[in-house]
Amino acid sequence: MARAALHISMAISPTKCGENGDKSAENSRVLILGGTGRVGGSTATALSKLCPSLQLLIAGRNREKGAALVSKLGKNAEFVEVNIESTNMLEKTLEDVDLVVHAAGPFQKAENCGVLEAAISTKTAYVDICDDTDYSQRAKSFHSEAVAAGVPAITTGGIYPGVSNVMAAELVHSAKSENAGEPERLRFFYYTAGSGGAGPTILATSFLLLGEDVIAYNKGEMIKMKPYSGVLNIDFGKGIGKRDVYLLNLPEVRSTHEILGVPNVSARFGTAPFFWNWGMQAIANFVPREILRDRSKVQQLVQIFDPSVRAIDGIAGERVAIRVDLECSNGRSTVGLFTHKKLSVSVGYSTAAFALAVLEGSTQHGVWFPEERGSRLMQEKCSLNEPSPPKEQ
């Protein structure tokens, strides 16, 4: 049977303040939790460039790093000390802002959604960069409370998950609008060189994910598999080429299965240099699960591995790639591909795009995943470019 392969390249295209004719984000006050970290700092930098009039509050544990970032961002930025474990302190800070961006990971094994609850209590708009399935589902459970409070909120609003969810939604909606048959199989493939320049937080996240069974879907049924197994060699295109990727438990698998209705969904991730993948496999296979599920013990592992990861990062760089494959019932395959030379830059602009969509009124009240129509990011902030026509194979 003939099989059509449509190769689609996605560009992150966040607009500047007011360009869509929506409510302007200008002069809004945005609190960035984890603002002194790589992701939070990159988000602040992107927001300051896209909307220079934004008032940015950089919250973090390191005052010295905060002062350096504020100096770089200019007069519209300030550093604030916020303990997210203190409900009173958090709510008092949120009363004076229009949006909170929660970038203070890792989200794995977090006991509650305290920041989201505080945002709903103070009627403050919310975006997080959560990359944990349990946390994202817990956040989604506050949908009714957010609707009642008139609060727009997006969970998993980074690059992957985040932009990858939007890519999947675009592929599914495109297939349905073109009567290409029913979407049957959706696969997420991710590649990041080294830690992507993100350091200890990403390392802690990776170790915690190795302590979780991988959730995937086969013919509509949830299945569980071993973390960092099921290796595939995937072509990420020019500049990156073919890379080995391994199964990981990521939240976009469940959310896209449930929201987009695709019966077969999975996600895989790979890194470089190649021996880091071997190390991840060894940790998944030989380190006891009870250690990998304990945040304090994982932090001890991070302290051991962080110096060598940082050293290798200087050589490996921080290239990032997302590939999303969709197969339909009529045999047609579509591929969404995103690549960038710097993870820190691309995740900053990705998160900023979600933040601006909320500030400009493009997000309905409630808690939304990026692929849901309530978030509307895919219509407002991202574009699909089709560089070549379908080819028969």
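Keep in mind it's a predicted model, so treat the numbers as computed, not measured. (Residues numbered from 1 in each chain as written. Predicted model: local features only at pLDDT ≥ 70, side-chain atom pairs only at ≥ 80, totals over all residues. Heavy atoms only, no water.)

> Explain the sheet that holds strand S3 (residues 55–59) residue by residue, including any values.
Read across the open sheet, the seven strands follow the order S4-S3-S2-S5-S6-S7-S16; overall the sheet is parallel. Pairing within the sheet leaves two strands with one partner each, and these edge strands are strand S4 (77–80) and strand S16 (366–368). Averaged over all adjacent pairs, the angle separating strand axes in this sheet is 15 degrees, with direction ignored. Alignment of strand S2 (residues 29–33) against strand S5 (residues 99–102), held across four bridges, turns out to be parallel. If you follow isoleucine 32 over to S5, its bridge partner there is valine 101. (Pairing = 2+ DSSP bridges. Helix = DSSP H or I, 4+ residues; strand = E, 2+ residues; numbered from the N terminus. Axes fitted to C-alpha atoms, helices over the stretch in contact; angles between N-to-C directions.)

> Please give an account of the packing of helix H8 (residues 200–209) against helix H12 (residues 295–316) that cites residues and values.
Describing two packed helices takes the angle between their axes plus the distance from one axis to the other. Two numbers describe how H8 lies on H12: the axes approach to 9 Å, and their chain directions differ by 125 degrees. One way to sum up the angle between H8 and H12 is to call them oblique. Seen from above, H8 lies across H12 with right-handed handedness. In this structure, H8 uses Pro200, Leu203, Ala204, Phe207 and Leu208 to contact H12, whose residues at the interface are Arg295, Val298, Gln299, Leu301, Val302, Phe305, Asp306, Val309 and Arg310. (Parallel < 35°, antiparallel > 145°, perpendicular 65-115°, else oblique. Left-handed = near helix turned anticlockwise from the far one by under 90°. Contact = heavy atoms within 4.5 Å.)

> So, a nonpolar patch on the surface: which residues are in play, and what are the values?
On the surface, Phe274, Phe275 and Trp278 cluster together into a nonpolar patch covering about 360 Å² of accessible area. Inspection of the secondary structure assignment puts tryptophan 278 in helix H10 (residues 274–286). (Patch = residues over 30% accessible without salt bridge, like charges linked within 9 Å, V, L, I, M, F, W, Y side chains within 5 Å. Areas by Shrake-Rupley, 256 points an atom, 1.4 Å probe, with all protein chains shown as cover. Salt bridge = Lys/Arg side-chain N within 4 Å of Asp/Glu carboxyl O.)

> Give me the lowdown on unusual backbone geometry, citing residues and values where you can.
With glycine set apart, most residues show a phi of negative sign, and most peptide bonds adopt trans. Following tyrosine 160, the chain continues to proline 161 via a peptide bond in cis, the omega torsion being 0 degrees. With an omega of -5 degrees, the peptide bond running from alanine 272 to proline 273 counts as cis. Relative to the assigned elements, proline 273 resides in the loop between strand S13 (264–272) and H10. At lysine 123, a residue that is not glycine, the phi angle is positive and equals roughly 55 degrees. Assignment of secondary structure puts lysine 123 in the loop between helix H4 (114–121) and strand S6 (125–128). You can call lysine 123 exposed: its relative accessible area is 57%. Located in the positive-phi region is threonine 156, a residue other than glycine, with phi close to 60 degrees. Summarising the element assignment, threonine 156 is placed in the loop between strand S7 (152–154) and helix H7 (163–177). (Buried < 20%, exposed > 50% of the residue type's maximum accessible area, 1.4 Å probe, protein only.)

> Account for the packing of aromatic side chains, naming residues and giving values.
Evaluation of the coordinates by the stated rule reveals nine aromatic pairs. Judged by centre distance (5.0 Å) and plane angle (70 degrees), the ring pair of phenylalanine 107 and tyrosine 135 falls under edge-to-face. With phenylalanine 107 in the loop between S5 and H4 and tyrosine 135 in helix H5 (residues 133–140), the pair connects residues that are 28 residues apart, well separated along the chain. As far as burial versus exposure is concerned, phenylalanine 107 and tyrosine 135 are alike and both buried. Each ring, one from phenylalanine 207 and one from phenylalanine 305, has its centre 5.6 Å from the other, and the planes form 65 degrees; the classification is edge-to-face. Linking phenylalanine 207 in helix H8 with phenylalanine 305 in helix H12, this pair joins segments that are 98 residues apart in sequence. In this structure an aromatic cluster arises from ring pairing among Phe274, Phe275, Trp276 and Trp278. (Phe/Tyr/Trp six-rings, centres within 6.5 Å; stacked < 30°, edge-to-face > 60°.)

> How would you explain the environment of leucine 56 if you had to name every residue and give the values?
Note that leucine 56 resides in strand S3. Considered as a pair, leucine 56 and lysine 75 are 19 residues apart in the sequence and their alpha carbons are 9.5 Å apart.

> Would you mind going over the side chain of serine 255 in detail, with residue names and values included?
Note on placement: serine 255 falls in helix H9 (residues 251–260). Exposure remark for serine 255: the relative accessible area of 1% places this residue in the buried category. Within the local environment of serine 255, its side chain forms a polar contact with the backbone oxygen of glutamate 252, the two atoms lying 3.5 Å apart. Separated by 2.6 Å, the side chains of serine 255 and glutamate 371 make a polar contact. When neighbours within four sequence positions are excluded, serine 255 is seen to be in contact with Asn165, Leu260, Phe369 and Glu371. (Polar contact = N/O pair within 3.5 Å; in protein donor to acceptor, adjacent residues only side chain to side chain.)

> Describe the environment of lysine 49, with residues and values.
Relative to the assigned elements, lysine 49 resides in helix H1 (residues 38–50). Look at lysine 49 and you get exposed, because its relative accessible area is 53%. Counting along the chain gives 300 residues from lysine 49 to tyrosine 349, while the straight-line C-alpha distance between them is 9.7 Å.

> Which residues make up the pairing of S3, and what are the values?
Counting buried positions along S3 yields four of five residues, so the element is predominantly enclosed. The pairing of S2 with S3 spans five bridges and is parallel. Counterpart to isoleucine 32 in the pairing with S3 is isoleucine 58. Each parallel crossover has a hand, and for S2 linked through H1 to S3 it is right-handed. Tracing the backbone out of S3, into helix H2 (residues 63–73) and back to the parallel element S4 gives a crossover that is right-handed. (Right-handed = clockwise from strand over helix to strand, strands pointing away.)

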